Structure formats: structure tokens, C-alpha cells
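Each chain, written out:
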Amino acid sequence: MEDAEPINEDSDLTGEPSSEESTQEPLTYTHDPGLVSVLAQLVDSACEDADTFRAVSINLRQLATSLNPPLPSAAERELVMTFGYSLRSTPIGSSRPDASLVPLDGPSYFPRSLNDADDQTRALWVDLASAVTHPVARARFADILFTLKLTENRRDAAERAIRAYLDTVGGSLQDHEQGFGLLRALTLARSVGLSDLEQQVASAMVDMAEGALLESNPAYVAVPLLDAIAVSPRKNKTQPINPKVDDLLDTALQAYAEAHVVKEVADIVRRRAAGDDARIQRASEAQIHALLKEADNGREALIKVYYLNEAASTARRYGVSHLEEVAVSRLQSAPQVEWKTLQTEFSIPSEIFRNYLIPYERAQTWQEALAYWFQSDSPSGSVSNNEETARNLKEVSVVEQIATNVKFGPEGFPKRVISGEEDSLQRQRVRAASANIQLNGLRLASALDMIRARFGIPSLEDIEACISDFGTHPSLAKALAKALQLYWVDEFAASVHLAVPKIEASARSILLELNEPVYRAAVGDADGQFPGLGSLLDKLEEKCDFDPDWACFLRVFLLKDGYNVRNLVAHGFMDEVDCNTAALALRACVLLVVLASNEPAERDIKSVKDALAGSNGEES
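Undergrad: Break down the environment of Ala 570 for me, citing the residues and quoting the values.
TA: Position of Ala 570 relative to the elements: it lies in helix 27 (residues 565-570). By relative accessible area, which is 54% here, Ala 570 ends up exposed. Residues Ala 570 and His 497, spaced 73 residues apart in sequence, show a C-alpha to C-alpha distance of 8.4 Å.

Undergrad: For the packing of aromatic side chains, give the residues involved together with the corresponding values.
TA: Scanning all chains against the criterion turns up eleven aromatic pairs. Between Phe 53 and Phe 83 the ring centres are 6.5 Å apart and the planes differ by 20°, which places this aromatic pair in the stacked class. Taken as a pair, Phe 53 in helix 4 (residues 53-64) and Phe 83 in the loop between helix 5 (73-82) and strand 1 (86-89) lie far apart in primary sequence, 30 residues in all. Judged on exposure class, the residue Phe 53 and its partner Phe 83 are both buried. Each member of the aromatic cluster is reached from another via a ring pair, and the members are Trp 550, Phe 553, Phe 557 and Tyr 563. In this structure, Arg 140 is placed above the aromatic ring of Phe 53, and the distance from its NZ or CZ to the ring centre is 4.3 Å. Geometry around Phe 146 places Arg 154 over its ring, the cationic atom sitting 3.9 Å from the centre.

Undergrad: Got a sec to walk through unusual backbone geometry? Specific residues and values, please.
TA: The linkage connecting Asn 68 with the following residue, Pro 69, adopts the cis geometry, with an omega of 5°. Mapped onto the elements of the fold, Pro 69 is located in the loop between helix 4 and helix 5. A cis amide bond links Phe 110 with the next residue in sequence, Pro 111, at an omega value of -5°. In this structure, Pro 111 sits in the loop between strand 2 (99-102) and helix 6 (119-129). A positive phi angle is found at Asn 564, which is not glycine, with a value near 60°. Among the structural elements, Asn 564 can be located in the loop between helix 26 (548-558) and helix 27.

Undergrad: Now, about helix 4: what can you tell me, with residues and values included?
TA: Its twelve residues give helix 4 an end-to-end C-alpha distance of 17 Å, which sits within 8% of 16 Å, the value for a rise of 1.5 Å per residue. Among the twelve residues in helix 4, nine count as buried, and that is most of the element. Buried within helix 4 are the following residues: Phe 53, Ala 55, Val 56, Ser 57, Ile 58, Asn 59, Leu 60, Arg 61 and Ala 64.

Undergrad: Which residues make up helix 8 (residues 154-168), and what values go with them?
TA: Taking 1.5 Å of rise per residue, 15 residues should cover 21 Å, and helix 8 covers 21 Å from first to last C-alpha, within 8% of that figure. For helix 8, every residue scored as buried is listed here: Ala 157, Ala 158, Ala 161, Ile 162, Ala 164, Tyr 165, Leu 166 and Thr 168. The elements touched by buried residues of helix 8 are strand 1, helix 7 (135-147), helix 9 (175-192) and helix 10 (195-213). Measuring from the backbone nitrogen of Arg 155 back to the side-chain oxygen at the start of helix 8 gives 3.3 Å, which picks out Asn 153 as the cap. Gly 170 sits one or two positions beyond helix 8 and adopts a positive phi of about 85°.

Undergrad: An account of the pattern of salt bridges is needed here, citing residue identities and associated values.
TA: What the rule picks out here adds up to 24 salt bridges. Between Arg 184 and Asp 143 there is a salt bridge, with the nearest N and O atoms lying 2.8 Å from each other. On the criterion of sequence distance, the pair formed by Arg 184 in helix 9 and Asp 143 in helix 7 is long-range, its members being 41 residues apart. The pair formed by Arg 184 and Asp 143 is uniform in burial state, with each residue classed as buried. In this structure, the salt-bridge partner of Arg 391 is Glu 387, at a minimum N-O distance of 2.8 Å. Remark: Glu 387 and Arg 391 occur in helix 19 (residues 383-396); sequence separation between them is four residues, near one turn of the helix. Residue classification places Arg 391 among the partly exposed residues on the basis of a relative accessible area of 40%. Look at the salt bridges and you will find they share partners, linking Asp 246, Asp 250, Arg 272 and Arg 279 into a network.

The rules behind the values
Residues numbered from 1 in each chain as written. Predicted model: local features only at pLDDT ≥ 70, side-chain atom pairs only at ≥ 80, totals over all residues. Heavy atoms only, no water. Helix = DSSP H or I, 4+ residues; strand = E, 2+ residues; numbered from the N terminus. Buried < 20%, exposed > 50% of the residue type's maximum accessible area, 1.4 Å probe, protein only. Phe/Tyr/Trp six-rings, centres within 6.5 Å; stacked < 30°, edge-to-face > 60°. Lys NZ or Arg CZ within 6 Å of the ring centre and 35° of its normal. Expected span 1.5 Å × (residues − 1). Contact = heavy atoms within 4.5 Å. Polar contact = N/O pair within 3.5 Å; in protein donor to acceptor, adjacent residues only side chain to side chain. Salt bridge = Lys/Arg side-chain N within 4 Å of Asp/Glu carboxyl O.

This is the structure:
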């Protein structure tokens, strides 16, 4: 896997004031109306030739260095943060396609959530909204005023934002930024009932989509635009839609080569053409042909089989019987898959890592960064989301419906036959969780690597003291500290072999602390013993309301139905360990170690159970 684009330590490229600057003067902003004209000129200059909103933030940092007298750091930071917000659209196929300015609520380090802005920052936004002149700046400030209800006339704020977004079309912003701006403008127009402007925005969206589809490699921006304008926003009212939309959708079905994009376009056509069986048939056929073409282009037998299976499933779902026969026939005669270990390289969008790593880049000390790492979310993701993904995958796959699967153990012998509805669904659950674990293993490892790069490797005593601040039992704190230090010196196998057994020990300690019966008493000649990790997790879930997202991660990562790391470590099969696996093992260890109290007699049982239900790594 290719390394994600690294985050440059230069604060000029990241858009937030450096820690050195932040120590020179306080970053609590106090609004000064006398600076508004200077700030407006600075913002307008920063918007010139910027190809993204993020580029405006970078330009602001660079331009601010040339001001004399210098701009207060707090004011500079607020301007940079203002253009750090982004527009997020609903998924393709949503019942009400729209776009919103985010983050609006919830925890966010940089930029802060819009609703968390204080009165001083809001006063800055209000004054600048009427002072800036560049379309990009006008759009951003007017949108903020509308979103946060900072003006008595929200309809006027919405109109100003819409006109500004329209004015960005044809400017320096990249096509996708212009497209998201139009999506946001359409959302604003529909939300306040500006029908004339709504039609003007829709017309601009049609023109942009048409232009994108005329390119030799059509830009993806056409798909979300067509998705939004293909839906009438009002119930019981017929909103006129440009007749070009249907023609452009038909063009899009043939313009894109990627099967997943053709599927999205076909979904839009099926939704819009309800009752027009002929158009729906053509859209479904285009989707199936795209899958068959992907199978033709596949170099590996496994890839060919995958796309042929998808083509057969899609044809069955939409009743295209003649293409189902074609897909099934080709599936039956497809090259035999030779099972082997494959190494593939692919790029992960750098934004996934850049946004994740911002808190670690901005932490003032390694203790602060490590505390944030201790509170990261479950690497396997949300159980409910994984369940939905699993059911969707199972329902559309012909292979999943008819195939029997055999799992093999490390000795090479068959271990388990997977068949039937529940077995098949469980396998998909594990796959969904595993995909999240793989991505988050990279993130967790990258965060630990950044901590080392920024602060060096702390001493064992310092790490142990930091962990002990959570109230952790001394022996567990020492083991975890050593495991972290081993990771930072690239001794990944040693780190895993030290950390993994402490997970089970911590789970047992927590249950004993809660006085839950887990010990199996001696009977006859049989020795008394504690049960294994699987039984301990069962008890935590049944009796202690253990957070299901974290229970899923521990099971998939540690036990036999997933990665089986616990047993591989215990039985000596885990010789080669990469940094991602080591980071995941440490995160699993941290989860329970920091909940294992140093003074169980003084801990309130309810608080322990509450911590288990939240499982965020914080001291209860």
C-alpha cells in the first residue's frame, strides 16, 4: 500500500497557527470593528486564484506575514478557520439531495464546530459578510450567517449566499468545488422558497453537468448535480425540471466507464423514470453491460468472477433475464481462481489521514497526543453500519446465496464449513468490520509515528506515569508502557506479544472488580481456572452493557472468527508483525487496561459500568 501523503509540519501549509506562535500571544479572539476593512481586503486577496476553499486558508497565512503592523494571531486564526469548513452533500440516491456546511455540531478540533463559535467570532463573521467582495468570500460568510441564524433576515442571507455561489462558476475554483457550491445554493434556495433563484441555480447545474459530460474523461461532478436536479423538492407540487436532465442522464449512462459510477446514474434514472419501463430497462442494461466490461478488463480470474457475479445479481434484481443468462453462462465458464496471497498497492485519499492526524499534529505535548489516541473510536466502526453493509452485500451476491465456504486453519486442514443464512451473514459482518480495522490500523499507526516524530520516544517511567494518571493498576500500566515503547523502537512483534495477554488480564480484572462470577471452581481432580477471552467478553456484554462497537473490534481482531490474533500469539504462530497490527493490538490493550482500577474497593460499580458502556478510554 502506498504511503498516504504526509502532513507537512510547516504550519503555513496546514492552515493553523504554529505552536510557537500560539505561545507568543493568546489565541482568544476579541473582535475589533476597526480591523474589519483590513481583514476584508486580506480575505479578498486570499480568494484570488484560489482553486479550493482550503487554498484560501493557506493564502491567508502567507499574506498575513506581509502585513505591517502584523495581524493579531487570534484574528488570523479565525480567518484561517473560517475557510476550513467544507460543503458535504448527501449520498447519491437520497430522497432529498442537498449539501450542508460542516462541521456544524459535535467535537471538532480544527476547524471548530460552527455552533461552538463564541460571540466574538460571530461578530467578526457578521461584519465581514457585508465587507468582502470576492464571490468565494461572499459565499462563505453569507452561508455562515444563514446557517447560524446570525441575521434577522435569513432569507436575505440565503439569497446573498446563492448569488455568490453562482458567481463562483467559471472562476478559479476547481470544478468539484464549484459543483458543491451549486448544490449548496440549490439547498438554500429550496429551504427558503426562492423559486426564481432555484431555477437559475438548476440551469447552471445543467450547464455544468453538460460541460463535464462533453469531456473525453467526464468529470464525476456531473453525477451529484444530476442527482440533485432530478428530484422535485416539494410534495404535491410539480416543480419544472429542465428537459435536458433526462437527455444528460442517458448520456451519462454511456459516458462513464466505471461500473460503480454507471450504477449511481442508473439508480437516478430508475428513481426519476418511475413508470417508464423502457427507460428503466435501458438504465439497468447499461449498468449490467458496465459490469460485464469490467469483467472483460479484469486481469485476474478472481476479478473477472467478482464482476460477473455482480452482473448476474444485478440482472436478476432488475429482471433483465437475457443478460442474467449471459452473465451466469460466463460465470460458469470463467477461468478457475487460483488461490494465493496477493499484494496490491492502492492510494488512500490523503484527506482521510490529514483530517485524522490534525489533533496529533497540533498537540502541545506527547502526553496530550497520547491521551487523544487513547480516546479514539472503535477501529471496527459502528456495529449498526456494519450490519447494514453485511445485509446489503449478502442480498445482492449470487455467490453468497448459493455457495458453501470452507475455512482452513493454520495447519492447512479444513476448520469450518460456512453455509446457511446466518453463517453467511456473519461472514459479511466480519468482512465489514475487517475493512474498517485495516483502514484504522493505518491511521492508528500513523498517529503513533507522528507522536514519535514530533516528540521523540518518551522514557518508560514517563509513559508509565502518564498511563497511571488514568487510575490504572501499576502492573498493567507498566506492561502497556513497555509495549508502547517497544512499538516506538520498531519492535512490533515484541510489542504485540506483551500487549495482547494483558487484554485478557484486564478484562478479568474488571469483571472481578464488579464481583461478576467468572472463576470456574475446582471440581474433583480438575483445577480451578478462569475462562478464556471469548467467555470474558460474553460476560462483559451480558452483565456490564459493554459498548457493542468495542466488543465487535475485540472479537474480530482477537478471536477465531476474525484475525485470531489472541490465539496466534498464544500458540506461537505470529512471527511477522507489521506496525498496523501492533498499533491495533495496543489500542485493544489500552481500551481495557485504562479501565482496570488501581483501587477497586474505592471505585463505584455504576461508574465502571458506565465507562464500559461508553468504552472511550477515559477514566470513569
